[in-house]
Amino acid sequence: MREDERGRLRERFCPVCGRHASRYYEGLCEECYRRLHPLLKLPPTLRITICRVCGAYRLGSGWARPRGPDPILQAAKAALRRAARPQGLVESMEVVSFDGRRLRVVAKGRAAEGMELYEEEYECQVRVEWSLCEECIYAKSKREVARVQVRARGRDLSGWEVKRVKELVSEALSSTWRGAIDLIEVVEDGHGLDFIFSSLAAARLAVSALERGMVVHVLETRKSMGMDSSGRPRARSTFRVLLPEFRVGDVIEHGGKLFYVMGFEERSVKALELNTLREVRIRATRRLLEESSVVVRREGGEPVMVISARPGEIQVMSLRDYRTYSIYSERIPLWMKEGGRAVLFSVRGRYYILPIPPATG
């Protein structure tokens, strides 16, 4: 037999298993080549670190927030993605089961070009270490990183404002995966509220909620606090959240006009312009908060009942001393009904009949 014939004959058989194959990969049959060239290379053990307070898991040099009810599985999947080393042409990798200790993985791909897609199954151990993430260390140690000071210009916060501020902050924090973990303390001194946080992100979240839900002006200051254990600069932030001097139900002057404050909406004030009794929206700018002045407090209004309401004249009766008042009016507001209740204000020598404000302030 000639040498070239003997060479062709040898090529028809796999040198590892001795079987004949129609196609060879680097001289091996597909089965032997696949056995010697797995799709993935995995470590025998995946080590993951979970925060025992919030469930965050370590990812490289930082921490990742959990998404879903099983942070250990999420951490194991993240560790798998970082540790897996594809050896072939891998199209997908999926965790098919996890019992808390063993992770079963199915990879789909091919060891070499020209092969049909196939699947391989792998298994590795998972070792969980419980620790505290940096934010939870701050929370546990009650280290103040940020403070949100809520005050009102020229007055104390009202009971309704205190309640509303607490509600907004609580709702904002409960919408996050960490909840209220980073809220160390709430200080109420009769004049205002202080929210003390161990996390700057949580403080900013609370401030954003107050900006959306109330009319406020925010001033942020930062104070250097040296270095942390990693040598990074530390700072303490203070957010001064200032509510306006006026409340719902007050008569105010702004820009040379008189307004009756009907309510607060996102970054605006709902009011009646007293000259026209037209409803307006006033943008909650810093100028509004600082330059407006209260002309009559809501307590200065007198509760009345509308006796009659006709174009040209409105008659009301005081619910305090039953005196009657006859007020000239060119038109009757849509909200006013005979037998209904209203508030009578005397503003700079002129009477105004206005709707009862919401029970706020």
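Keep in mind the model is a prediction, meaning the values are calculated, not measured.

About the thresholds
Just so you know, the residues in each chain are numbered from 1, in the order the chain's sequence is written. pLDDT decides what is reported in this predicted model: residues at 70 or higher carry local features, side-chain atom pairs at 80 or more are listed and counted, and totals for whole chains, interfaces and linings draw on all residues regardless. Excluding hydrogens and water, the side-chain figures rest on all heavy atoms present in the structure. Only DSSP runs of H or I reaching four residues or more are called helices, and only runs of E reaching two or more are called strands; each is numbered from the N terminus. Here, residues are in contact when the closest pair of their heavy atoms is within 4.5 Å. The method behind every accessible area is Shrake-Rupley, applied with a 1.4 Å probe, and residues are considered shielded solely by the protein chains displayed. A 1.4 Å probe rolled over the protein chains alone gives each residue an accessible area, and that area as a share of the maximum for its type sets the label: buried under 20%, exposed over 50%, partly exposed in between. Residue types Ala, Val, Leu, Ile, Met, Phe, Trp, Tyr and Cys, when buried and joined through side-chain atoms within 4.5 Å, form a set referred to as a nonpolar core. Two cysteine sulfurs form what is called a disulfide whenever their separation falls within 2.5 Å. For this analysis, a salt bridge means a side-chain nitrogen from Lys or Arg found within 4 Å of a carboxyl oxygen belonging to Asp or Glu. Note on pairing: DSSP must find at least two bridges between two strands before they are called paired. In protein, a polar contact requires one atom able to donate a hydrogen and another able to accept it; more generally it is a pair of N or O atoms within 3.5 Å, and residues adjacent in sequence count only if both atoms are side-chain atoms.

When you go through the chain residue by residue, the secondary structure sums to 7 helices and 25 strands. For the chain, the proportion of contacts with a sequence separation of at least 24, taken over those separated by at least 6, is 53%. Carbon and sulfur atoms form 47% of the exposed surface of the chain, whose accessible area is close to 20,500 Å².

A few words on the side chain of S199. By secondary structure assignment, the location of S199 is in the loop between β13 (193-197) and α6 (200-213). On the basis of relative accessible area, S199 is assigned to the buried category, the value being 4%. Discounting chain neighbours no more than four positions away, the residues touching S199 are E135, V145, A146 and D182.

Our next topic: the nonpolar core. It is characteristic of soluble globular proteins that their nonpolar side chains tend to be buried jointly. By size, the foremost hydrophobic cluster in this structure holds 32 residues, and its most contacted members are Y33, L46, L80, L103 and M115. When contributions to this core are tallied by element, the ones reaching two or more residues are β2 (28-29), α2 (30-36), β4 (45-51), α3 (71-83), β9 (102-110) and β10 (118-131). Top contributing element to this core by residue count: α3, with 5 residues. Apart from residues no more than four positions distant in its own chain, L80 is found in contact with L42, L46, M93, V95, L103 and V105.

This model, assessed by the stated rule, comprises 0 disulfides. C133 forms no disulfide, and the closest cysteine sulfur to it belongs to C136, at a distance of 3.6 Å. Given the relative accessible area of 4%, C133 is considered buried.

Here we take up the pattern of salt bridges. Pairing between side chains of opposite charge can happen when their charged atoms approach one another. With the rule as written, the count across this model stands at 24 salt bridges. E135 serves as the salt-bridge partner of R178, at 3.3 Å between the closest nitrogen and oxygen. Residue R178 is found in the loop between α5 (159-174) and β12 (183-188), and its partner E135 is found in helix α4 (residues 134-140); the two are separated by 43 residues along the sequence. Look at R178 and you get buried, because its relative accessible area is 7%. Here R151 and D194 are joined by a salt bridge, their closest N and O atoms 2.9 Å apart.

In this section: the pairing of β4. A large share of β4 lies buried, amounting to 5 of its 7 residues. Strand direction decides the pairing type here: β4 and β10, joined by 7 bridges, are parallel. The partner of T49 across the bridge, within β10, is E129.

The next point concerns unusual backbone geometry. Notably, L277 is not glycine yet its phi reads approximately 55°, a positive angle. Note that L277 resides in the loop between β18 (268-273) and β19 (278-283). Unusually for a residue other than glycine, R348 sits at a positive phi of about 55°. Turning to its location among the elements, R348 is positioned in the loop between β24 (341-347) and β25 (350-354).

The subject of this paragraph is the side chain of E161. Checked against the element boundaries, E161 lands in helix α5. Of the polar contacts made by the side chain of E161, one reaches the side chain of R155; its length is 2.7 Å.

This is a description of form; function is not addressed.
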